[in-house]
Amino acid sequence: MPLDDRPRRWNITPGSPQWSDQPPPALDSGPSLSPWLEEKLFDRRIVILQGSVTGAAATRTVAALMTLDVQGGDPVELHLRSPDGDLDAVFAVIDAVDVMHAPVHALASAEIGGAAVGLYAVAPHRKAFPHSRFRLREPRAAGVAGTAEDVAHAAGQHLRALDDLIVRIAEATGQPRSRVEDDMSRGRQLTAEEAREYGLVHEIVAPGKKSSPA
């Protein structure tokens, strides 16, 4: 399905609440796994990304993906449970997935929302547990301090990255860009089955079925 390439007018202006001069609250990157468990999963070419996708979480994830990529071309499974994420951090992982030789299979558990939906969408094969849910919503803009010119520049960067994210989701799902924009503006929520109908999920993991990489 062709994408609607007309630019969207986003109503974010300097001075709005999204662009306050206060730093944003720290994002919760989620509880870390014990080292022995991470090692066991790594041996099975499984990478876990849970909690908000922060810069630190993205760095750890990219390092794990790149290491597994140089170890061989077998699929890598990325288990994703993230209700939101920083756009720059999410694109750091997306860029890594794009250049990997080994295919990345994504598995959704619990909730995936905001920019993390774009990260899930770029995987060539996407699975989800039956009770997973997806929330299409615009990622929060980070607080920016500085001059009006600094704030305007940051706003422009955010909107360009947001446009890129929408294009990636539209390409992955086959939905028109305009529909993805509208759904993200409204904060549309999807069940696993609804996400499959939307084109976001390829396969829902059935009870008793193993979810390890093929």
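First things first, this report covers the structure right here in the doc.

What counts, and at which threshold
- Residues numbered from 1 in each chain as written.
- Predicted model: local features only at pLDDT ≥ 70, side-chain atom pairs only at ≥ 80, totals over all residues.
- Heavy atoms only, no water.
- Helix = DSSP H or I, 4+ residues; strand = E, 2+ residues; numbered from the N terminus.
- Buried < 20%, exposed > 50% of the residue type's maximum accessible area, 1.4 Å probe, protein only.
- Contact = heavy atoms within 4.5 Å.
- Expected span 1.5 Å × (residues − 1).
- Arc of directions from axis to C-beta.

### Overview of the overall build of the protein
Move 1: Counting secondary structure elements, the protein contains 7 helices and 7 strands.
Move 2: Listed N to C, the secondary structure of the protein is α-β-α-β-α-β-α-β-β-α-α-β-α-β in terms of helices and strands.
Move 3: Relative to its 214 residues, the protein shows a buried fraction of 46%.
Move 4: Across the protein, contacts joining residues at least 24 apart in sequence account for 72% of those joining residues at least 6 apart.

### Let's talk about helix 2 (residues 55-71)
One turn of an α-helix holds 3.6 residues; hence residues three or four places apart share an orientation.
Move 1: Here helix 2 contains 17 residues, and its C-alpha end-to-end distance of 25 Å stays within 8% of the 24 Å for a straight helix at 1.5 Å per residue.
Move 2: Listing the buried residues of helix 2 in full gives Ala-57, Ala-58, Thr-61, Ala-64, Leu-65, Leu-68 and Asp-69. For helix 2, the angular spread of the buried residues around the axis is 135°, confining them to a single face. Turned more than 90 degrees from where helix 2 packs its buried face, Thr-59, Arg-60, Val-70 and Gln-71 sit exposed.
Move 3: Against the buried residues of helix 2 lie helix 1 (35-43), strand 1 (46-50), strand 2 (76-82) and helix 3 (87-99).
Move 4: After helix 2 finishes, the residue Gly-72 shows a positive phi value of roughly 160°.

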